[in-house]
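# Close look at the chain arrangement
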Amino acid sequence: MIDGAAIHALIEELYPICRSITGQGLRETLRIIGGRIPIQLTEVPSGTPVLDWTVPPEWNVRDAFVADPDGRRVIDFRRHSLHVVNYSTPVRARMTLAELRPHLHALPAHPDWIPYRTSYYAESWGFCLTQRQLDALGQAPPDAAYDVVIDSTLAPGHLTYGELVLPGQLEDEILISTHVCHPSLADDNLSGIAISTLLARALAAGPRRRHTLRFLYAPGTIGAITWLARNRDRAARIKHGMTLTCLGDGHPFTYKRSVGGRAPVDRAAAHVLAHAGLAHQLIDFFPYGYDERQYGSPGFRLPVGSLMRGRHGMFPEYHTSADDLSFVSPQRLAESARVVAEILDVLDGDRRYRNLQPYGEPQLGKRGLYRALGGTNIPDLQMAMLWVLNQSDGQTSLLDIAERAALPFPAIRAAADLLREHDLLAEA
Ligand code: ZN
């Protein structure tokens, strides 16, 4: 349904931008998303209290570098947005390597990778570089003086987030939430952003759905907290949700359950992954990771799980420059988008029916149902029909039936649609 190449192309477009939890990089990202889908932007002023937090000053960076005594830029933000510690305070100084060294971050175990570091909520500054760059700096005479410049501002401004709502027949909502604050990192989380965006575009072009769909693009933690603070009452409309992250890498799927662990979204995700024949693991909720922990906090307790492939912090490329455009593939992105779409289909199609001929099995032949079956190419449809007839007591939902019958949800749903058309089922 969604072309993996199109998802990858959107990731490529967003990749060079230096994003953060506030600032022009975040706005530029939302502007590009807005070129694909009509998102609404919200700007919340710095200093605004949001739940137990405060919207921070806006950070913008124009340039950052360390230049050696010959004026050569030995660390250069223009080459990679990860070179500057995100949210660094401005600096303009001349210092020796010994003075600079506490502000430098490298990864000795992966000497060609640049780490990703942030200094949110604790004013400081720094540079990230490869271990090879750091080793080269150590070759210079110890009294060599370096020009150190971070041309940044931390000033009153705004926090920006974007959202698209696709109204359904119900006010009940399904939330798809992605964090949009990481700079040049492809899997975490341009993969989630691009899949959410192109899925939203595809669904917006399709028929109206039962649930209202809300696609939220907000900076991690503070963005979700800001959204929740501004939608405290409306948040209860969210009946199902997922955060999407790390969906383009080569690892098997991981679905992290919502706090409750048995919400429809948890069951839908488990069902889809099992029937897709894709390697996957299901893990329980823990209060770390992405914004599912904000949505799942006790005051809100929204049933929001998290879909990913590689797990947060568990693969070496995570939060390094190795999470680049080659780390995510169009084929895996397309597969992930399909899984998300199928989970949404299960959530939207799950409902309870009542068998209108509950005394004995209805005679299918005289109603033309066997002929109707012949007109489809859905495997297991006949068995699915018998299951739906048997289980539709007004209490048991189609997902309950699919789980019990060990049949894919689309077959159960197609059987229910057919039975309804032949007046054998009514919505409970
Ligand atoms: Zn991250």
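Residues numbered from 1 in each chain as written. Predicted model: local features only at pLDDT ≥ 70, side-chain atom pairs only at ≥ 80, totals over all residues. Heavy atoms only, no water.

### Here's the deal with the sheet that holds strand S13 (residues 238-244)
What links the strands of a sheet is backbone hydrogen bonding, and the strands pair in either a parallel or an antiparallel sense. This is how it is decided: Strands qualify as paired when DSSP identifies two bridges or more between them. In DSSP terms, a helix is any run of H or I states spanning at least four residues, a strand is any run of E spanning at least two, and both are numbered starting from the N terminus. Between the N-to-C directions of two axes lies an angle of 0 to 180 degrees, each axis being a line fitted to C-alpha atoms and, for a helix, fitted only over the stretch in contact. By definition, residues are in contact when any of their heavy atoms lie within 4.5 Å.
Spatial ordering of the open sheet is given by S1-S10-S12-S11-S13-S16-S14-S15, a layout of eight strands whose pairing is mixed. Each edge of the open sheet is held by one strand with a lone partner, namely strand S1 (40-45) and strand S15 (280-283). Strand-to-strand, the axes of this sheet are offset by a mean angle of 20°, without reference to chain direction. Sheet topology note: the strand S10 (residues 158-166)/strand S12 (residues 212-218) ladder contains five bridges and is antiparallel. Directly across from Leu164, in S12, lies its bridge partner Phe215. Its contacts with the sheet place helix H2 (residues 24-34) against S1, S10 and S12, and it is angled at close to 15° to S10.

### With respect to the pattern of salt bridges
Formally: The working definition used for a salt bridge is a side-chain nitrogen of Lys or Arg within 4 Å of a carboxyl oxygen of Asp or Glu. Note on exposure labels: buried denotes an accessible area under 20% of the residue type's maximum, exposed denotes more than 50%, and partly exposed covers the range between, all computed with a 1.4 Å probe on protein chains only.
Enumeration according to the criterion identifies 24 salt bridges in this entry. The salt bridge involving Lys256 is made with Glu292; its shortest N-O contact spans 2.8 Å. Here Glu292 lies in helix H8 (residues 292-295) and Lys256 lies in strand S14 (residues 253-256), a separation of 36 residues in the sequence. Exposure class is identical for Lys256 and Glu292. Each is buried. Salt bridges sharing partners connect three or more residues here, namely Asp63, Arg73, Asp76 and Arg78.

### Comments concerning the environment of Pro358
Along the polypeptide, Pro358 turns up in the loop between strand S17 (352-355) and helix H10 (369-374). Looking at Pro358, the relative accessible area reads 48%, which means it is partly exposed. Along the primary structure Pro358 and Leu425 are separated by 67 residues, whereas in three dimensions their C-alpha atoms are 9.7 Å apart.

### Quick word on the packing of helix H7 (residues 264-275) against helix H9 (residues 330-349)
To keep it simple, the criterion reads: These descriptions rest on fixed angle ranges, namely under 35 degrees for roughly parallel, over 145 for roughly antiparallel, 65 to 115 for roughly perpendicular, and the rest for oblique. Two helices that cross are described as forming a left-handed crossing if the nearer one is turned anticlockwise from the farther one by less than a right angle, and a right-handed crossing if clockwise. For this scheme, ten residues count as nonpolar: Ala, Val, Leu, Ile, Met, Phe, Trp, Tyr, Cys and Pro. Four count as charged, namely Asp, Glu, Lys and Arg, and the remainder, Gly too, count as polar.
Following both chains from N to C, one finds H7 and H9 inclined at 130°, their axes separated by 9 Å at the closest point. Between H7 and H9, the angle falls in the class oblique. Handedness of the H7/H9 crossing: right-handed. Two secondary-structure elements touch here, H7 through Pro264, Val265, Ala268, Ala269, Val272 and Leu273 and H9 through Val339, Glu342, Ile343, Val346 and Leu347. In terms of residue class, the contact of H7 with H9 is made up of ten nonpolar, no polar and one charged.

### Concerning the domain arrangement of the protein
Put simply, the rule is: As annotated, the domain borders come from an automatic or database domain assignment.
With domains assigned, the protein is organised as domain 1 (4-56 + 158-349), domain 2 (59-155) and domain 3 (352-427). Inter-centroid distance (C-alpha atoms) of domain 2 to domain 3 is 64 Å.

### Focus on the pairing of S15
Defined as follows: Consider the strands pointing away from the viewer: the crossover is right-handed when the path from the first strand over the helix to the second runs clockwise.
Where S14 and S15 come together, four bridges link them in parallel fashion. Paired with Lys256 across the bridge in S15 is Ile283. The parallel pair S14 and S15, bridged by H7, forms a crossover whose chirality is right-handed.

### Describing the nonpolar core
Keep this limit in mind: Joining through side-chain atoms within 4.5 Å is the link that ties buried Ala, Val, Leu, Ile, Met, Phe, Trp, Tyr and Cys residues into a set, and such a set is a nonpolar core.
Residues Ile7, Phe215, Tyr217, Met242, Leu307 and Ile343 are the most contacted members of the largest nonpolar core, which totals 78 residues. Setting aside residues no more than four positions away along its own chain, Phe215 makes contact with Gly162, Glu163, Leu164, Leu166, Ile176, Ser196, Ala200 and Leu203.

### Focus on the packing of aromatic side chains
Here is the rule: Any pair of Phe, Tyr and Trp rings, taking the six-membered ring for Trp, is counted once the centres come within 6.5 Å. Such a pair is stacked with planes under 30 degrees apart, edge-to-face with planes over 60 apart, and tilted for the rest. In this scheme, Lys NZ or Arg CZ marks a charge over a ring once it lies within 6 Å of the ring centre and within 35 degrees of the ring normal.
Within the structure shown, the criterion is met by seven aromatic pairs. When the centroid spacing of 5.4 Å and the interplanar angle of 85° are considered together, the rings of Tyr87 and Tyr120 count as edge-to-face. Placement of the pair is Tyr87 in the loop between strand S5 (73-76) and strand S6 (91-96) and Tyr120 in the loop between strand S7 (104-105) and strand S8 (127-128), with a sequence separation of 33 residues. In this pair, the class of Tyr87 matches that of Tyr120, namely buried. Seen in terms of ring centroids, Phe315 and Tyr318 are 5.8 Å apart; in terms of plane orientation they differ by 80°. Their pairing is edge-to-face. Residue Tyr318 is classed as buried on the basis of its relative accessible area of 14%. Members of the aromatic cluster, joined through ring pairs, are Trp53, Trp59, Tyr87, Tyr120 and Tyr121. The lysine or arginine in question, Lys256, covers the ring of Phe285, its NZ or CZ lying 5.1 Å from the ring centre. Over the face of the ring belonging to Phe286 we find Lys256, whose NZ or CZ atom lies 3.9 Å from the ring centre.

### Structural notes on the pairing of S13
Judged by how many residues are buried, S13 sits mostly within the fold: six of seven residues are covered. Where strand S11 (residues 173-179) lies against S13, five bridges are found, and the strand directions are parallel. Residue pairing across strands places Ser177 opposite Thr243, the latter belonging to S13. The sheet contact formed by S13 and strand S16 (residues 304-308) spans four bridges and is parallel. By the bridge assignment, Met242 is partnered in S16 with Gly305.

### Remarks on the side chain of Ser321
On the secondary structure map, Ser321 appears in the loop between S16 and H9. Leave out the neighbours within four places in its chain, and Ser321 touches Tyr15, His80, Leu82, Asp112, Trp113 and Ile114.

### A look at the coordination of the zinc ion
The cut-off we apply is this: Water is absent from the atoms considered, so a metal site may look incomplete; donors are defined as N, O and S atoms within 2.8 Å of the metal, or 3.2 Å for Na, K and Ca.
At the metal site, the zinc ion is ligated by His182 (NE2), Asp188 (OD) and His319 (NE2), and these contacts range over 2.1 Å. In primary-sequence terms, the residues that donate to the zinc ion follow H-x5-D-x130-H. Residue His182 is located in the loop between S11 and helix H5 (186-205), and its partner His319 is located in the loop between S16 and H9; the two are separated by 137 residues in the primary sequence.

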